[in-house]
Amino acid sequence: MALKENLEKITKQISNSIINSGRKEGSVKLLAVSKTVDCNKIQEMFNLGQRDFGENRPQVLRDKAKELSNLPINWHFIGHLQNNKIKYVYPIATLVHSIDRRELLDEFVEWAKKTGRKCPVLLEVHISREEAKQGFDVDEILTVIKDYRNNEYLDIKGLMGMAPLEGDEAIVKSCFKELKDLFDKSKELEGPAYKAQELSMGMSGDFPIAIAEGATIVRIGTALFH
């Protein structure tokens, strides 16, 4: 069974990367990026023990969560989020990885007031410097944290970033190292609304480097489902 073999292989690679980095066993969570697969495969992966799944399109997240509502899945949202699509994501997401602008934080404040639920989020940092990618600038992220850390309606759990897809290993490593440095600095800025708990970085092609640099969540799709 391909999915079982894939999951076992990735889990072992994650475990080896943790050991090689001298980190604590169980310190990295696998997020299965299910954006390209149907509910049957998600169900199959769930039956193998995987609990965290990531989607990047709001309506697809809504539809899959509805279809698999009998399963206690932790749904993560990892795509670009437009203001008018928040309604599909906010009530469902265990964690939104892709908060990339102040306007979105302000919208989440309003949603918390309206629903009585604080939706946990990560702040996306533009570490790759690629034009196609979103995120807060490296130079502004600590200021953003300062500005929102005391907001009673927010639950910000850390940072997320993506290295360049075409970057060589040294570039990828330096991007992840930069984000980890920011993450460490942000610990001094913690407040009621901000806790530096999660560092989401690393995908199928570069997750061992991300783990070596301090990732707590790795987002893996291709290596798991294909």
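Refer to the preceding data block for the structure.
Here the structure is a predicted model, which is why all the values come from computation and not from measurement.

What counts, and where the lines are drawn
- Residues numbered from 1 in each chain as written.
- Predicted model: local features only at pLDDT ≥ 70, side-chain atom pairs only at ≥ 80, totals over all residues.
- Heavy atoms only, no water.
- Salt bridge = Lys/Arg side-chain N within 4 Å of Asp/Glu carboxyl O.
- Helix = DSSP H or I, 4+ residues; strand = E, 2+ residues; numbered from the N terminus.
- Buried < 20%, exposed > 50% of the residue type's maximum accessible area, 1.4 Å probe, protein only.
- 1 Å grid on protein atoms, 1.4 Å probe; cavity = no way out; pocket = protein on both sides within 12 Å on 5 of 7 lines; lining within 4 Å.
- Points joined across faces, edges and corners; volume = space filled by probe spheres on them.
- Nonpolar A, V, L, I, M, F, W, Y, C, P; charged D, E, K, R; others polar.
- Axes fitted to C-alpha atoms, helices over the stretch in contact; angles between N-to-C directions.
- Parallel < 35°, antiparallel > 145°, perpendicular 65-115°, else oblique.
- Left-handed = near helix turned anticlockwise from the far one by under 90°.
- Contact = heavy atoms within 4.5 Å.

**Observations regarding the pattern of salt bridges**
Pairs may arise between side chains of opposite charge once their charged atoms sit close together. Going through the model one piece at a time under the given rule, you end up with 12 salt bridges. Note that Arg-102 is salt-bridged to Asp-147, the shortest N-O span being 2.8 Å. Residue Arg-102 is found in helix H5 (residues 102-115), and its partner Asp-147 is found in helix H6 (residues 141-148); the two are separated by 45 residues along the sequence. Lys-113 is the partner of Glu-110 in a salt bridge, and the nearest nitrogen-oxygen pair spans 3.6 Å. A residue pair is termed a helical-turn pair when its members lie 3 or 4 positions apart in one helix, as Glu-110 and Lys-113 do in helix H5 at three residues. Classification of Lys-113 by relative accessible area gives partly exposed; the value is 46%.

**So, the layout of surface pockets**
Space inside the largest pocket adds up to approximately 430 Å³. In terms of lining, the largest pocket is formed by 22 residues, of which the most central are Val-33, Lys-35, Ile-78, Met-162 and Met-203. Each pocket or cavity is described by its volume, and for the second largest pocket that value is around 170 Å³. Surrounding the second largest pocket, Leu-7, Thr-11, Ile-14, Ser-15, Ile-18, Gly-26, Val-28, Leu-30, Leu-48, Gly-49 and Gln-50 form its lining. Ranked by residues supplied to the lining of the second largest pocket, first place goes to helix H1 (residues 2-20) with five residues. Of the residues assigned to the lining of the second largest pocket, the class counts are six nonpolar, five polar and no charged.

**Overview of the packing of H6 against helix H7 (residues 169-186)**
Relative to each other, H6 and H7 sit at 30°, their axes nearing to 10 Å. Taken together, the axis directions place H6 and H7 in an arrangement best described as roughly parallel. As for the relative orientation of H6 and H7, their crossing is right-handed in sense. Residues Ile-141, Leu-142 and Ile-145 of H6 touch H7, and the partners they reach there are Leu-182, Lys-185 and Ser-186. Of the residues belonging to the contact of H6 with H7, the class tally is four nonpolar, one polar and one charged.

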